[in-house]
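Overview (structure and organization)
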Protein chains: 2
Amino acid sequence: MTEHMSPEEFRRHGHRMIDWIADYLEHADRHPVLPRVEPGEIRARIPDRAPEQPEPFERIAADLDEVVMPGITHWQSPNFFAFFPANTSPPAILGDLAAAGLGVQGMLWATSPACTEVENAVLDWLVDLLGLPEDWKTTGPGGGVIQMSASDSTHTALVVARERAGAPAERVVAYASEQAHSSIEKGARVAGYGRVRTIPVDGVYAMRPEALAAAIAEDRAAGLAPAFVCSTVGTTGTTAVDPVRAIGEVARTEGIWHHVDAAYAGSAMICPEFRHHQDGLELVDSYVFNPHKWMLTNFDSSVFYVADRRPLIETLSILPPYLRNAATESGAVIDYRDWHLPLGRRFRSLKLWFVLRSYGAEGIRAYIREHVGLAAGLDARLAADPRFEVIAPTTFALVSFAHTAGDGATDRLAAAINASGEAYVTASRLGERPFIRVAIGQTRTGREHVDRLWDLIDSLAEPVG
Amino acid sequence: MTEHMSPEEFRRHGHRMIDWIADYLEHADRHPVLPRVEPGEIRARIPDRAPEQPEPFERIAADLDEVVMPGITHWQSPNFFAFFPANTSPPAILGDLAAAGLGVQGMLWATSPACTEVENAVLDWLVDLLGLPEDWKTTGPGGGVIQMSASDSTHTALVVARERAGAPAERVVAYASEQAHSSIEKGARVAGYGRVRTIPVDGVYAMRPEALAAAIAEDRAAGLAPAFVCSTVGTTGTTAVDPVRAIGEVARTEGIWHHVDAAYAGSAMICPEFRHHQDGLELVDSYVFNPHKWMLTNFDSSVFYVADRRPLIETLSILPPYLRNAATESGAVIDYRDWHLPLGRRFRSLKLWFVLRSYGAEGIRAYIREHVGLAAGLDARLAADPRFEVIAPTTFALVSFAHTAGDGATDRLAAAINASGEAYVTASRLGERPFIRVAIGQTRTGREHVDRLWDLIDSLAEPVG
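Every value quoted in this text rests on a predicted model; they were computed, and no experiment measured them.

Some remarks on the interface of chain B and chain A
Contacts between the two partners involve 155 residues from chain B and, on the opposite side, 155 residues from chain A. When chain B packs against chain A, close to 13,300 Å² is buried across both sides, 65% of that on carbon and sulfur atoms. Taken together, the links from chain B to chain A amount to 18 salt bridges. In this structure, Asp63 of chain B and Arg357 of chain A form a salt bridge, with 2.8 Å as the shortest nitrogen-oxygen distance. Here chain B and chain A share 57 residue pairs in polar contact (both at pLDDT 80 or more) between them. Classifying every residue of the side of chain B that touches chain A gives 76 nonpolar, 40 polar and 39 charged.

Some thoughts on the environment of Asp65 of chain B
Residue and element names in this part refer to chain B. Position of Asp65 relative to the elements: it lies in helix α2 (residues 57-68). Separated by 45 residues in the primary sequence, Asp65 and Trp20 place their C-alpha atoms 9.7 Å from one another. Non-local contacts of Asp65, meaning those with residues more than four positions away in its chain, are made with Trp20 and Pro70.

Brief notes about the relation of the copies chain B and chain A
In screw terms, the move from chain B to chain A is a rotation of 180° and a rise of 0.0 Å along the axis, fitting with an RMSD of 0.0 Å. Viewed as a symmetry operation, the transformation between the two copies matches a two-fold axis.

A word on the sheet that holds strand β4 (residues 225-232) of chain A
All names here are of chain A. Across the sheet, which stays open at both edges, the 7 strands sit in the order β1-β7-β6-β5-β4-β2-β3 with mixed pairing between neighbours. The open sheet is flanked by β1 (143-147) and β3 (195-199), the only strands paired with a single partner. Shown here is a sheet whose adjacent strand axes are inclined to one another by a mean of 20°, direction ignored. Where strand β5 (residues 257-261) meets strand β6 (residues 286-289), 3 bridges bridge the pair, whose relative direction is parallel.

Quick look at the pairing of β1 of chain A
Residue and element names in this part refer to chain A. In terms of burial, β1 is a largely internal element, 5 of the 5 residues being buried. Of the two faces of β1, the one holding Gly143, Val145 and Gln147 and the one holding Gly144 and Ile146 are both buried throughout. Across 5 bridges, the pairing between β1 and strand β7 (residues 302-306) is antiparallel. For Gln147, the partnering residue across the bridge sits in β7 and is Ser302.

Comments concerning helix α12 (residues 349-383) of chain B
Over its 35 residues, α12 of chain B extends only 41 Å from the first C-alpha to the last, a length that falls short of the 51 Å expected when each residue adds 1.5 Å. The largest bend in α12 of chain B is about 85°, located at Gly360 of chain B.

With respect to the pairing of strand β2 (residues 172-177) of chain B
All names here are of chain B. When you tally the buried positions in β2, you get 6 out of 6 residues, the bulk of the element. Residues Val172, Ala174 and Ala176 of β2 are buried on one face, and the alternating residues Val173, Tyr175 and Ser177, pointing to the opposite face, are buried as well. Taken together, the 5 bridges between β2 and strand β4 (residues 225-232) define a ladder with parallel strand orientation. Note that in β4 the partner of Val172 across the bridge is Ala225. In this structure, β2 lies alongside strand β3 (residues 195-199), joined through 5 bridges in parallel fashion. Following the sheet pairing, Tyr175 is matched in β3 by Arg197. As for the winding sense of the linkage, the β-α-β connection from β2 through helix α6 (residues 182-190) to β3 is right-handed.

Side note on helix α1 (residues 7-26) of chain B
Taking 1.5 Å per residue as the helical rise, α1 of chain B with its 20 residues ought to reach 28 Å, and the 28 Å between its terminal C-alpha atoms agrees with that figure. Three or more residues of α1 of chain B are buried, namely Phe10, Arg11, His13, Gly14, Met17, Ile18, Trp20, Ile21, Ala22, Tyr24 and Leu25 of chain B. Looking at the buried positions of α1 of chain B, the neighbouring elements they touch are α1 (7-26), α3 (90-102) and α12 (349-383) of chain A together with α2 and α3 (90-102) of chain B.

A look at the environment of Ala176 of chain A
All names here are of chain A. With respect to the secondary-structure elements, Ala176 resides in strand β2 (residues 172-177). For Ala176, a relative accessible area of 3% puts it in the buried group. When the C-alpha atoms of Ala176 and Pro272 are compared, they prove to be 26 Å apart, with 96 residues separating the residues in sequence. Discounting chain neighbours no more than four positions away, the residues touching Ala176 are Ile184, Arg197, Thr198, Ile199, Met207 and Cys230.

Concerning the pattern of salt bridges
Note that side chains of opposite charge can pair when their charged atoms are close. If you walk through the whole model with that rule in mind, you get 76 salt bridges over all chains. Glu52 of chain A is paired through a salt bridge with Arg365 of chain B; the nearest N and O atoms lie 2.8 Å apart. Placement of Glu52 of chain A in the loop between α1 and α2 (57-68) and of Arg365 of chain B in helix α12 is noted, with the two residues assigned to different chains. Overall, Arg365 of chain B belongs to the buried group, its relative accessible area being 9%. Where Asp219 of chain A meets Arg197 of chain A, a salt bridge forms, and the shortest distance between an N and an O atom there is 2.9 Å. One end of the pair, Asp219 of chain A, is in helix α7 (residues 209-221); the other, Arg197 of chain A, is in strand β3, and 22 residues separate them in sequence. Just as Asp219 of chain A is buried, Arg197 of chain A falls in that class too. One salt-bridge network, in which partners are shared between bridges, spans Asp96, Asp300, Arg346, Arg348 and Lys351 of chain A together with Asp96, Asp300, Arg346, Arg348 and Lys351 of chain B.

Structural notes on unusual backbone geometry
Residues and elements named next belong to chain A. Of the consecutive residues Phe299 and Asp300, the connecting peptide bond is found in the cis state with omega at 5°. Residue position: Asp300 is located in the loop between α9 (291-294) and β7. For Leu296, which is not glycine, the phi torsion reads 70° and is therefore positive. Counting through the fold element by element, Leu296 comes out in the loop between α9 and β7. Its relative accessible area of 0% is what places Leu296 among the buried residues.

Cut-offs and rules
- Residues numbered from 1 in each chain as written.
- Chains lettered and ligands numbered in written order.
- Predicted model: local features only at pLDDT ≥ 70, side-chain atom pairs only at ≥ 80, totals over all residues.
- Heavy atoms only, no water.
- Contact = heavy atoms within 4.5 Å.
- Buried area = accessible area lost by both parts, 1.4 Å probe.
- Salt bridge = Lys/Arg side-chain N within 4 Å of Asp/Glu carboxyl O.
- Polar contact = N/O pair within 3.5 Å; in protein donor to acceptor, adjacent residues only side chain to side chain.
- Nonpolar A, V, L, I, M, F, W, Y, C, P; charged D, E, K, R; others polar.
- Helix = DSSP H or I, 4+ residues; strand = E, 2+ residues; numbered from the N terminus.
- Least-squares fit on C-alpha atoms with pLDDT ≥ 70 in both.
- Pairing = 2+ DSSP bridges.
- Axes fitted to C-alpha atoms, helices over the stretch in contact; angles between N-to-C directions.
- Buried < 20%, exposed > 50% of the residue type's maximum accessible area, 1.4 Å probe, protein only.
- Expected span 1.5 Å × (residues − 1).
- Bend = angle between axes of the 7 residues up to and from the residue.
- Right-handed = clockwise from strand over helix to strand, strands pointing away.

Here it is as structure tokens:
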């Protein structure tokens, strides 16, 4: 068939799109971080029906500015301090572009061997880079796979753990701290777990392992089947760190699956000075970290490791006739189809490969350390000011603070910062207490942006007393 | 922070990457469709450890040709006739590129309103374009959402159906024809279903609704809880079409969830002449089709519709404090986080929006009809030749045939075609009988490619008698 857009037109429009992205990323700080639109406002700019006839690509591309941009929350602005970052980088964008151009499906090794083998190689690189156990390499009994999100990775672990428990689902129990991410509860609910027990935390919001052991004992006595526990290294609330080794010892004693959610903090482990936070990984069955949060690789790129790939594959492998092939039958290859729920998969390792090579390990370490240093600096400024209280340790690059004048003052400060358009922070709560989360991790965030955020906090905060 | 790759460098490397893709897609037919590599061969070209220092981007990009390309199965070659297509198009690639550049997370309306509202608008367009029930629009009680793959969409439906059944998971039963896709069995296993019953098919491989009714009755008598049935419109084996209305009537009577898997054939419904194959959609609870198969939109783009969004949201909604916001609380917006398992999500509707506008509905219809016409032509040639038997109706653009000299001759023919490098077909089986699947649907596949495939079949097939 004749292509609708000729190769020459694709080049022309493609070069313009690259330039549009270059301009956008260079000047992302010129936009108010939060858009000022009401529900329905963007949609009202779009016709109710698809066009019957082709539209010129120039007009379509122009709608990025005219229709889309007014409704964009600027995650790529250096003034974005909300949630956790979802950062990206030029080499990641180009890796993703190459993957879109190649358009392969990597469901089996045989359906595009390079898609599987580059992923094997890059995820094995990361085992060394993050100081993970050697066994987790695809050359050993374990291995890594790229999933879409930490929710998918954790859900996969929950399903394997449920199967291993061998009890009716409604009696199967998952455990996580009361500070764990909502994906544990959601994944367990989706996997049909009978119960998710939240375990109390200590003064720095880390899980209390003796409370875990007590909860398990209580559940066993009630005839339930404890199956899964999640240690979080870097909680979403305050980047608290659960004691991985102590939880692992409980899990080992009890024979339950031990999963580590390091979705955010995993990226920091490329710097050896943070690795004590994940001490005890030899007592872990699975681990998730998201390079799409803080390792310069755009979504989706959630890396899921297992210490032993057999129970994973046994749970997820189904081989219909149209997927049979000699390579699979030889046992010499990895078929990633058996490592997650979806069958089809993009060549997602390309962007990670591009990023790791383009920055080099040293480049990524420098970038992580810069953000951690900036967070420490902001923490020190807040701690020195009587108007503010830092409410949890700044362990990585998230600063959690509240106004000392009370909850109302904290709420009003967060609202004022976000209404300014100059920065975006998250207004969250610990129990009923409001606090402000400042996550420093956007690719282009530097000292000047954090200084400006401090000025904003300083000028907008109500006086005390 | 200073960017590692400057905006000017990004432009330069980006323009080159666009040109590399333009060259690749223009000449994808020059590569043997199947790569000739042994397991481990690609990986052996990659160092065992990540580089400590940055590598120049030129060297990284050069490895696309030197390391990656020898291990690529060319899904974008016009001579790719295997599996189902995973096609793409220039506007889709540029839409995906724009999404990577914007780098937003659309988990909530509030985290980037345009990401949600463009998706709402485009999926509502598709309701009209495919002749789906008006109720399935987001402006009505239902709505659509983009998921990663049909496996994810179907799994989501299975989970909602399991919850609705309100029985212990191990007693819950899903039903699908013996020709249904493996994602039903996998999804049900992942969702903890006690059983998946495969229902017999008729002479054209369509589910027998009376056999479904009998199976349900038998299961109820045995104390099980029938919860979910999947009608397939266009099976993976032979594009068989289950009787949606008759199955829907059984499902309605029995009060079980009725899901339609139109992953492949859904794209054809843009042409009104195919819509009789999905008659009965008012008796359907959920529906999946994959624009990333046959609608020029690169993976991932699986569209999942529900007739009523309430049970979906009730099953999947969990709202932790860091995600609370005024727009969500107002009820005036859609938060897609509650429509699937993952929390994070890319701006995937951009590429679909670009494709629908760039081709126009008429352009996509012409393209579907061209492939369907080419398949009919190949079917006629095979049917007229005593060496071949077309073993299932060519309903869309998949031709299923066998050699009349027996299974060995069929197996050898498939192997010879694939070993030639000139085309790639799937060697599959119906029961124990081998057959060859020719799926015509790659974006650039035209008459000349199907003519050449016929010449190849003609020259490689053994004589009869």
